[in-house]
Amino acid sequence: MLRETPVNIALVLLLLTVPVAASAMDEPFIVTLATKVAIFATAAVGLNIALGHGGLVSFGHAAFFGIGGYGAGILASHAQNYEPLMTWPFTVEGTQQMLIIWPVALLAGGIAALAIGALSLRTSGVYFIMITLAFAQMVFYFAVSWPAYGGEDGLPIYVRNSFPGLNTLRPLDFFAVAFVWFLAATLFSILLSRSRFGLALQGARQNVERVRAVGIDPYRLRLVAFTISGMITALAGALYADLNRFVSPSMLSWQTSGEIMVFIILGGVGRHFGPLAGAALFILLEYALGGVSEYWKFLLGVLLLLVVLFAHGGLIGVVTRRRHHG
Amino acid sequence: MSAALLIEQVLNGLQLGVMLFVMAAGLTLIFGVMGLINLAHGSLYMVGAFACAAVAAATGSFWLGLAASLAAAAITGAIVEIVVIRRLYSRDHLDQVLATFALILIFSEGTRWLFGSFPLYLDVPPILSGAVPLPGGGAYSLYRLAIIGAGILVAAGLFLLIGRTRLGIRIRAGEADREMIAALGVDIGRLYTMVFALGAALAGFAGALVGTIQSVQVGMGEPVLILAFVVIVIGGIGSIKGAFIGALLVGITDTLGRFLLPIAFGTVMNASDATAVGSALASMLIYILMAVVLVVRPGGLYGTAT
């Protein structure tokens, strides 16, 4: 049987080489698909910190994904229209610089996750699933009914936001940006899970009473994890907005929350490279089955059902025949 | 703002509330007895609506369609329970969410494949078309009044079923202690299938009734499903009484919020801003209500501890 690490390395190398090769063969569409995989995987890495490591089944991560997306879209639209974001008490201009947009997306996602988490973490189990879903719906309906930034129609970004030294409109350049973020997020998640904080978080998932007994407050632990998780997903949202050059409430919809969860499950819960495997499989299926049948989501549903019912370790679990420990 | 308009909005809120109750009752029963979160409950609502539309179109009778919606949803529910859901009772909530999310994809795309993407329309049966005069002027749709009546009848029937019949005793016993009632010789597998089919039939019934006011289309179930979740979380998961109170609360809050908030904001700002702020806030109102309830009582109004 294969071990997990070589499989992970192979996956990352595949994600890197496929778009480089496709770019050399002048297949920009494939590069865009790979970029989408990297971005979705980053969003799922974020959720995985809450869900896989913390055992917090959040059904509302679309809220953070969309908030990051709207952060990018709103800043860019103000820059495009030369309208300052606010003029009082001081003037804030919009921007198309990714280096400014990213911290804003991280901050906005973090604040939202802190607020939603602070309320939601008072509950647990099914109530937690439902209340995170409800908060995401709240943000969704707000975006739909607030007319200033496009409402239901969404918000276009006419020119992709820029990064110094890169031409982000070239597919391979933008892929590189998304890929580096994916690697950074994954590395961060691995380091986090090995840190004292990560160990305590996993401890709180396995046995909350013991964690309490050694003097750690699980509420604060989980709130920090949930906030970090929301920030990473928000960053992925900002990248996704740039990929499509468009932000719409559909980024905030409950289906998006479900899909980010599906990436993790297809790959394998709690595995560091599960999000990549899951997102890659999802995009491949969308692309391959979408060509075969208009109703590809039917087949996706059947596959997902089979994975949940029979292949508990997800894709990486099937390949390595190893259940995740811990 | 006239009194008649306000009465009309309150009735609309009641109508939304009782339909949400019919949806939420099944959901909360299934959770209470089997401990299962069923995201596919909205799909059963859709199945009911499509069955009603298809049979009504073929036979010309709304009532046959309504009967078909009950039967189709109950049978679909029983099959789904036996084939898939049964394997999920012992799993954690994450697996349940994902498996039933997968069922939504299967049902939605399957229905799109069978019926196409275009919405179907159901006609109000002739006997219920027309309007009833309201006190203070104005008139109200007879069909919507009939829906309110039907919802209240279903609620009464459910309370009787749960409180007064042998099946109800078994359901309550199942909520309290599964192993014990299995040990006492109740066929727990069959009981679960019956509860699931009952919940499914209720969802299908709601789908058929609401499908007549709105259009019957793929994806119609999910917005209602999420509202029904809000209802059972507010009411306390597992409690029929909580679902009833929660449903009325959500129905009235949502409807009156959409009606009154823009008017209220109109008194302090100009009309277009007031409409924007009011409607944005109104669409978030029930989620705010839910958050407030959960902060004050994390187990819902009538729930036990989390």
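Conventions and cut-offs
Residues numbered from 1 in each chain as written. Chains lettered and ligands numbered in written order. Predicted model: local features only at pLDDT ≥ 70, side-chain atom pairs only at ≥ 80, totals over all residues. Heavy atoms only, no water. Contact = heavy atoms within 4.5 Å. Buried area = accessible area lost by both parts, 1.4 Å probe. Salt bridge = Lys/Arg side-chain N within 4 Å of Asp/Glu carboxyl O. Polar contact = N/O pair within 3.5 Å; in protein donor to acceptor, adjacent residues only side chain to side chain. Helix = DSSP H or I, 4+ residues; strand = E, 2+ residues; numbered from the N terminus. Nonpolar A, V, L, I, M, F, W, Y, C, P; charged D, E, K, R; others polar. Phe/Tyr/Trp six-rings, centres within 6.5 Å; stacked < 30°, edge-to-face > 60°. Buried < 20%, exposed > 50% of the residue type's maximum accessible area, 1.4 Å probe, protein only. Lys NZ or Arg CZ within 6 Å of the ring centre and 35° of its normal. 1 Å grid on protein atoms, 1.4 Å probe; cavity = no way out; pocket = protein on both sides within 12 Å on 5 of 7 lines; lining within 4 Å. Points joined across faces, edges and corners; volume = space filled by probe spheres on them. pLDDT = per-residue confidence, 0-100. Patch = residues over 30% accessible without salt bridge, like charges linked within 9 Å, V, L, I, M, F, W, Y side chains within 5 Å. Areas by Shrake-Rupley, 256 points an atom, 1.4 Å probe, with all protein chains shown as cover. Expected span 1.5 Å × (residues − 1).

Student: I would appreciate a short explanation of the interface of chain B and chain A in the present structure.
Tutor: Reports of interface size often rely on the accessible area that becomes lost once the parts have come together. Taken together, the 45 residues of chain B in the interface contact 44 residues of chain A. Between chain B and chain A, a total of about 4,000 Å² is buried, with carbon and sulfur atoms accounting for 83% of that surface. Contact with chain A buries area across many residues of chain B, yet Leu94, Phe101 and Tyr287 of chain B alone supply 15% of it, more than any other trio. Our count for the contact surface shared by chain B and chain A stands at zero salt bridges. Where chain B meets chain A, there are five residue pairs in polar contact (both at pLDDT 80 or more). Looking at the side of chain B that touches chain A, the elements that each hand over two or more residues are helix 4 (93-115), helix 9 (221-235) and helix 11 (271-296) of chain B. Counted by class, the side of chain B that touches chain A contains 31 nonpolar, eight polar and six charged residues.

Student: I'm lost on the packing of aromatic side chains in this one. Help?
Tutor: Each aromatic ring pair is characterised by the separation of its centres together with the angle its planes make. Counted according to the given criterion, the structure contains 23 aromatic pairs over all chains. With centroids separated by 6.4 Å and ring planes inclined at 80 degrees, the aromatic side chains of phenylalanine 159 of chain B and phenylalanine 244 of chain B adopt a geometry described as edge-to-face. Residue phenylalanine 159 of chain B is located in helix 5 (residues 142-164), and its partner phenylalanine 244 of chain B is located in helix 10 (residues 240-266); the two are separated by 85 residues in the primary sequence. Among the residues examined, phenylalanine 159 of chain B registers a relative accessible area of 36% and is labelled partly exposed. By way of ring pairs, the aromatic residues Phe40, Phe65, Tyr240, Phe263, Phe282 and Trp296 of chain A are connected into one cluster. A cation over an aromatic ring shows up here: arginine 160 of chain A above the ring of phenylalanine 174 of chain A, its NZ or CZ 4.2 Å from the ring centre.

Student: Looking at this structure, I do not really get the pattern of salt bridges. What am I missing?
Tutor: Where charged atoms of side chains with opposite charge meet at close range, the side chains can pair. Within the structure shown, the criterion is met by eight salt bridges over all chains. For the salt bridge of arginine 86 of chain B with glutamate 81 of chain B, the shortest nitrogen-to-oxygen distance reads 3.4 Å.

Student: Can you help me understand the layout of surface pockets in this one?
Tutor: One water molecule sets the probe size; rolling that probe over the atoms shows where empty space is left. All names here are of chain B. In this model, the second largest pocket occupies a volume close to 670 Å³. Counting residues per element, the ones that place at least two in the lining of the second largest pocket are helix 1 (3-34), helix 8 (188-213), helix 9, helix 10 and helix 11. Sort the elements by how many residues they give to the lining of the second largest pocket and helix 1 lands first, with six residues. For the lining of the second largest pocket, the residue count by class is 15 nonpolar, seven polar and three charged.

Student: What am I meant to see in the confidence of the model for chain B here?
Tutor: Here chain B shows a mean pLDDT of 88. Residues at 70 or above account for 99%. Mean pLDDT per element in chain B: helix 7 (residues 178-183) of chain B is the minimum at 82, and helix 3 (residues 62-83) of chain B is the maximum at 94.

Student: What am I meant to see in empty space enclosed by the protein here?
Tutor: For the structure shown, the criterion picks out two cavities of 30 Å³ or more. In this structure, the largest cavity occupies an estimated 40 Å³ of space. Contributing to the lining of the largest cavity are Val126 of chain A together with Leu27, Phe31, Leu36, Ile37, Asn38, Phe229, Ile232 and Ile237 of chain B. Of all elements in the fold, only helix 1 and helix 9 of chain B reach the threshold of two or more residues within the lining of the largest cavity. Of the residues that constitute the lining of the largest cavity, the class distribution is eight nonpolar, one polar and no charged. As a volume, the second largest cavity reaches approximately 30 Å³. Classifying every residue of the lining of the second largest cavity gives seven nonpolar, no polar and no charged.

Student: What's the story with a nonpolar patch on the surface in this structure? I'm lost.
Tutor: On the surface, a nonpolar cluster with roughly 430 Å² of combined accessible area is contributed by Phe298, Leu299, Val302, Leu306 and Phe310 of chain A. With respect to the helices, strands and loops of the structure, phenylalanine 298 of chain A is situated in helix 12 (residues 296-310).

Student: Teacher, can you tell me more about the side chain of threonine 76 of chain B here?
Tutor: When you line up the elements, threonine 76 of chain B lands in helix 3. Aside from chain neighbours lying at most four places away, what touches threonine 76 of chain B is Leu44, Val47 and Phe107 of chain B.

Student: Looking at this structure, I do not really get helix 4 of chain B. What am I missing?
Tutor: Because an α-helix packs 3.6 residues into every turn, residues spaced three or four apart end up facing the same way. Residue and element names in this part refer to chain B. The end-to-end C-alpha separation of helix 4 is 32 Å, in line with the 33 Å expected for 23 residues at 1.5 Å each. Taken across its 23 residues, helix 4 has 18 buried, putting it largely inside the fold. Positive phi appears at glycine 116, one or two residues downstream of helix 4, with a value of about 85 degrees.

Student: Before we go on, may I ask you to explain the environment of isoleucine 39 of chain A in this structure?
Tutor: All names here are of chain A. Along the chain, isoleucine 39 falls in helix 2 (residues 28-53). Residue isoleucine 39 is classed as buried on the basis of its relative accessible area, which comes to 0%. C-alpha of isoleucine 39 to C-alpha of tyrosine 287: the two residues are 248 residues apart in sequence and 16 Å apart in space. Discounting chain neighbours no more than four positions away, the residues touching isoleucine 39 are Phe174, Ala178, Ala236, Leu239, Tyr240 and Leu243.

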